[in-house]
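# Architecture and fold: a report
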Amino acid sequence: MTGFVGKSIPRKEGREKVTGRAKYVDDLTFPGMIRGTTVRSSIARGRITAIRFEPEIPWSEFTIVTARDIPGKNCIALILDDQPCLCDGRINHPEEPVLLLAHPDPYLLEQARRAVRVEAEPLPTVFTIEDSLARKQVIWGEDNIFKSFLVQRGDVDAAWKVSDFVVEGEYLTGAQEQLYIEPNGMIAVANPNDGVTVWGSMQCPFYVHKALAALFNLPKEKVRVVQTETGGGFGGKEEYPSMLAAHAALLAWKSGKPVKMIYDRAEDMAATTKRHPSRTRHRTAVTRDGKLLALDIDFTLDGGAYETLSPVVLSRGTIHAAGPYFCPNVRVRARAVATNAPPHGAFRGFGAPQSIFALERHMDRVARAVGLSPAEFRRRNFIQQDQTSAVGQVIRERVDMARLMDRALELSGFEAKSCRFAAENPGNHLKRGMGLAAFMHGAGFTGSGEEYLASVAGVEATSDGVIRVLSASTEIGQGTNTIFAQIAADALGIPYDLVEIAQPDTSQVPNSGPTVASRTCMVVGKLVESAALGLKQTLLGSGLLREPYTGLEFANACKQYVAARGALKSTVQFQPPPGIHWNDQTYQGDAYAAYAWAVYVAEVTVDTVTFETRVDDFVAVQEVGKVVNPVLATGQIEGGIAQAIGYALFENVVWREGRMVNSQMTNYIMPTSADLPRIRIFFEEHPYPYGPMGAKGIGELPIDGPAPAIVNAIEQATGVSITKIPVTPEVLMETLEAVHV
Amino acid sequence: MSDATGKISIACTVNGKRVTLRAFPMERLLDVLRSNLHLTGTKEGCGEGECGACSILMNGELVNSCLVPALHADGASITTIEGLSLGDALHVVQRAFLECGGAQCGICTPGMVLAAVNLLERAPSPTEAQIREGLSGILCRCTGYMRIFESVLQACRASGIHK
């Protein structure tokens, strides 16, 4: 009866999704429900002087909410609580929410939104990392710095003198929109008697819960958050849903009616979080036989107007900045700075795609300086089991980057194609090239994060003899429901169909933490496994069940137990694996309990007439521990690679005065089915002893490596070194023409 | 035709049933299907004809229902995702999406499944290029499309067996 883990079991909620029966937030209607909308600031920074309501609108029919209507603290509680829920007079970015409106008629509501004039006295602004660092204006705190980190290992400054080569470079990455196809949406019911309940699209029900409790100054039990079917997240529904839930709930509280707020695409793209733009500077010391002596890395993220999650994004980017290499001397100086753009936030990879892009572009240039091939140079520097990472973590898990690279090179035909393209490219306007990237991604919260979270998950038996998994971990397309059911079924020794997943509802499920950081399978999945084993022991101990048993016998035993003794429920709280230590002060220690490791290869064609780049083939080899569901895992990685191909080549956020001006799918271009190569996925499995059945995390890994692999391939094809993404045709044209003039 | 509110009567066939709808002539067909007929399987992703989540079959053509004025539906035959399966029996394309991992978050799935059905009606044994072209009007952010291509091929194989 066991053996579901490792098999491609169809998606648990798949039938509802392929038939269109799955209910997303916009599919729900409540009696008497009205619609809400947001009036936003018109400038990037300033002081509001007046709010005028144009006379053509019947304003008495509207519910109007301002900051004065907030019962508790006017902030979106997260880390520092510096982001207001509604503007209290000071504008810090161009999409700042100023006022909320609600009305039953959505057409009139939109007219009304346009008939509110926010008048403001402008203040000086800052829009770039350079201007923010130079304190052209101080717009946040004393120095525009949200957070800074210093990682030091060995003595970087002593290495320059003894090295044979020193290679420097600067690398830039742009913002990226998550572009989940379901926009953010929320429905709220709220009043002083019953408290606040919201239903919506989200990754982290308990983040929303925390924000609402603070905003309304309500006890925890008076706030309820329910996740509806969620049409993609990618980090874009990590922190932002707290803002939208707050707005819907304020309108519901004041109007006494259920309020639905669904962003249209333009508002969703312009006003909600995006990936942090970044600037990374590398200075690397290396010996003539290609051994890394020192990595000196300066890493800066543009955090936007409020701190929000920037310190955490910066932390992950910082820890991943030295990559899967052993280097005796490392210094990473990192900081997140303020600009007058909407806050940048969580997006799959969480800082690592930025620092890994810089590193893996730079490693190709270091290899060239030394006179080694990109593969050979990397091979000489890969971190080995029992070696110590830049943050002082002894890598205890089995790691074999050289094997992953050998497989990737072989599967992609790297060497033979590189030779062939080198021979064919001269004189041809189509230039082809191969590029690779080697990287890793830590699973779970950084450092002591999982210990602080202290997540809880459980399983319970129903009176029908069905097992329900209880967690706040959300299904957002990545397969939570399916893998939890597989893990629980195997732990209990029962059929997959006997396991159900409880809807994430803060009044019904324990806080298993946010659905982020590649932690759901490895961390929460392990809790589900442990809880299931606990429930099985209880049932065996009760004498109602004896091994071996069938699914039917198990279900009958559950029914008897529940009928005779009441609830049959088992919950487990996170305990760190043994020997994991992290020091937040020195930023040294076991940054992550486990890593996924990977080597990716891109094959590209660059058209030197149109300046378009096409990815022709993509090979992704990764070691992720036990693969719980091969079809789901493969699909998730393919999707991450597709998103990263967009990041590398197409997805260009155009800013004007802190505002995204191409906030449409017409002019912000993501890959279609016609734009992508065959994406070929290969797994190595080194079971991780503290993951469920040996599994680690995989969600973020695939977005880290493709961009540098692609740009490395562009360099091989064209001979031109490009150091920023996205490599749009415009960027390529400017770069190639500058070289050829 | 229009009453005091400006609404008109629209007679059409939706998922095999004849219906008469009351709607403003320029109302989006997407909204009429979702609000008047409660067919919420048709999704809105962008509202400007780019993402294809609102795709339906109208007189045998795949259209973005967010771009179709309701009055154009008069006399039309419309199939939404809800009209594809009979009771609990899945359409061969739906079953293939379920088996091959063609659906992840599911928000593009109704439009994508209808695009695949429409493609297979036009090209029962499509080449990879035809599949890529035939699905290119529907954006998916989760899958990278590979499992969707596999689903279409699986549906072809399964249809072949049933023929």
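Residues numbered from 1 in each chain as written. Chains lettered and ligands numbered in written order. Predicted model: local features only at pLDDT ≥ 70, side-chain atom pairs only at ≥ 80, totals over all residues.

### Looking at the overall build of chain A
Put simply, the rule is: Here a strand is any run of E in DSSP of at least two residues, a helix any run of H or I of at least four, and the numbering for each starts at the N terminus. Every radius of gyration here is taken over C-alpha atoms, with the globule rule written as 2.2 Å times N^0.38, N being the number of residues. Put simply, a residue is buried when 20 or more other C-beta atoms lie within 10 Å of its own C-beta and exposed when 12 or fewer do; between those, it is partly exposed, and each C-beta is set from the backbone. Contact criterion: two residues are in contact if their C-beta atoms, reconstructed from the backbone, are within 7 Å.
Tallying secondary structure elements over chain A gives 20 helices and 28 strands in all. The globule rule puts the C-alpha radius of gyration for 741 residues at 27 Å, and the 26 Å found for chain A is close to it. In terms of overall dimensions, chain A has C-alpha extents of about 75 × 75 × 50 Å along its principal axes. Per-residue burial over chain A gives 61% buried out of 741 residues. Partitioning the contacts of chain A with sequence separation of at least 6, the portion at a separation of at least 24 is 81%.

### Points about the pairing of strand S1 (residues 8-14) of chain B
Side-chain direction in a regular strand flips from residue to residue, so the side chains alternate between the two faces of the sheet. Residue and element names in this part refer to chain B. Selection criterion: Following DSSP output, two strands are said to pair if at least two bridges run between them.
The pairing of S1 with strand S2 (residues 17-23) spans 7 bridges and is classified as antiparallel. Bridge pairing in S2 links Ser-9 to Arg-22. Once S1 ends, the chain turns through 2 residues before running back antiparallel as S2, passing Asn-15 with a positive phi of about 50 degrees. Where S1 lies against strand S5 (residues 77-79), 2 bridges are found, and the strand directions are parallel.

### Here we look at the packing of helix H3 (residues 109-122) of chain B against helix H4 (residues 128-135) of chain B
The packing of two helices is summarised by the inter-axis angle and the distance between the axes. All names here are of chain B. Inclusion rule: A fitted line through C-alpha atoms serves as each axis, taken over the contacting stretch for helices, and the angle formed by two N-to-C directions is quoted from 0 to 180°. Geometric relationships in this document are graded by angle, where less than 35 degrees denotes roughly parallel, more than 145 denotes roughly antiparallel, 65 to 115 denotes roughly perpendicular, and other angles denote oblique. Should the near helix be turned anticlockwise from the far one by less than a right angle, the crossing is termed left-handed; should it be turned clockwise, right-handed. Gly is placed with the polar residues, together with every amino acid not listed as nonpolar (Ala, Val, Leu, Ile, Met, Phe, Trp, Tyr, Cys and Pro) or charged (Asp, Glu, Lys and Arg).
Axis separation between H3 and H4 bottoms out at 9 Å; the angle between their running directions is 135 degrees. As far as their axial angle goes, H4 and H3 are oblique. By crossing handedness, the relation of H3 to H4 is classed as right-handed. Where H3 abuts H4, its residues Met-112, Ala-115, Ala-116 and Leu-119 lie against Gln-130, Ile-131, Gly-134 and Leu-135. Considered class by class, the residues forming the contact of H3 with H4 number 6 nonpolar, 2 polar and no charged.

### A closer look at the domain arrangement of chain B
All names here are of chain B. Worth spelling out the cut-off: The source of the domain bounds is an automatic or database domain assignment.
Assigned domains of chain B: these are domain 1 (8-83) and domain 2 (92-162). Summarising the inter-unit geometry, the C-alpha centres of domain 1 and domain 2 are found 21 Å apart. Listed by partner, the interface residues are 13 residues for domain 1 and 11 residues for domain 2. For the side of domain 1 that touches domain 2, the element with the highest residue contribution is strand S3 (residues 55-58), accounting for 3 residues. When grouped by side-chain class, the residues that make up the side of domain 1 that touches domain 2 number 7 nonpolar, 5 polar and 1 charged.

### Examining the sheet that holds S3(B)
All names here are of chain B. Pairing within the open sheet is mixed, and its 5 strands lie in the order S2-S1-S5-S3-S4. Edge positions in the sheet fall to S2 and strand S4 (61-64), since each of these pairs with one other strand and no more. Strand-to-strand twist in this sheet, taken as the mean axis angle between neighbours without regard to direction, amounts to 40 degrees. With respect to the sheet, H3 is in contact with S3 and S4, its orientation differing from that of S3 by roughly 35 degrees.

### Things to note about the sheet that holds strand S16 (residues 430-443) of chain A
Backbone-to-backbone hydrogen bonds pair the strands of a sheet. The strands run either parallel or antiparallel. Residue and element names in this part refer to chain A. With mixed pairing, 4 strands are arranged side by side in an open sheet as S16-S23-S24-S27. In the strand order of this sheet, the two ends are held by S16 and strand S27 (678-684), each with one partner. Looking at each pair of strands side by side, their axes are set apart by 15 degrees on average, direction ignored. Bridge count for strand S24 (residues 613-623) against S27 is 7 bridges, and the pairing is parallel. Residue pairing in the sheet places Gln-622 in a bridge with Phe-683 of S27. Strands S16, strand S23 (594-607), S24 and S27 of the sheet are contacted by helix H11 (residues 401-412), whose axis makes an angle of about 25 degrees with S23. Along the sheet face, helix H17 (residues 630-650) touches S24 and S27 and points at about 130 degrees away from the line of S27.

### Side note on the interface of chain A and chain B
Counting residues at the interface gives 41 residues for chain A and 40 residues for chain B. Of all the secondary-structure elements, those providing two or more residues to the side of chain A that touches chain B are helix H1 (14-19) and H17 of chain A. When residues of the side of chain A that touches chain B are assigned to their parent elements, the largest contribution, 8 residues, is made by H17(A). Here the side of chain A that touches chain B is composed, by residue class, of 17 nonpolar, 14 polar and 10 charged.

### Looking at the domain arrangement of chain A
Residues and elements named next belong to chain A. If you check the domain split of chain A, you get domain 1 (14-22 + 455-573), domain 2 (32-123 + 179-271) and domain 3 (278-446 + 585-740). Taken over C-alpha atoms, the centre of domain 1 sits 36 Å from the centre of domain 3. When residues of the side of domain 1 that touches domain 3 are traced back to their parent elements, those giving at least two are helix H14 (480-492) and helix H15 (520-541). Among the elements that make up the side of domain 1 that touches domain 3, the one with the highest residue count is H15 (7 residues).

### With respect to the packing of helix H9 (residues 352-370) of chain A against helix H19 (residues 706-718) of chain A
Residue and element names in this part refer to chain A. Two elements in contact, H9 and H19, have axes whose closest approach is 8 Å; the angle formed by their N-to-C orientations is 30 degrees. It follows that H9 is roughly parallel to H19 by the angle criterion. Once H9 is placed against H19, the crossing between them reads as right-handed. For the pair H9 and H19, contact is made by Pro-353, Ile-356, Phe-357, Glu-360, Arg-361 and Asp-364 and by Ala-707, Pro-708, Val-711, Asn-712 and Glu-715, respectively.

### Remarks on the pairing of S4(B)
Residue and element names in this part refer to chain B. Here 4 bridges tie S3 to S4, and the two strands are oriented antiparallel to one another. Note on S4: the bridge partner recorded for Met-58 is Glu-61. Between S3 and S4, which pair antiparallel one after the other, the connecting turn spans 2 residues, and Asn-59 there sits at a positive phi close to 50 degrees.

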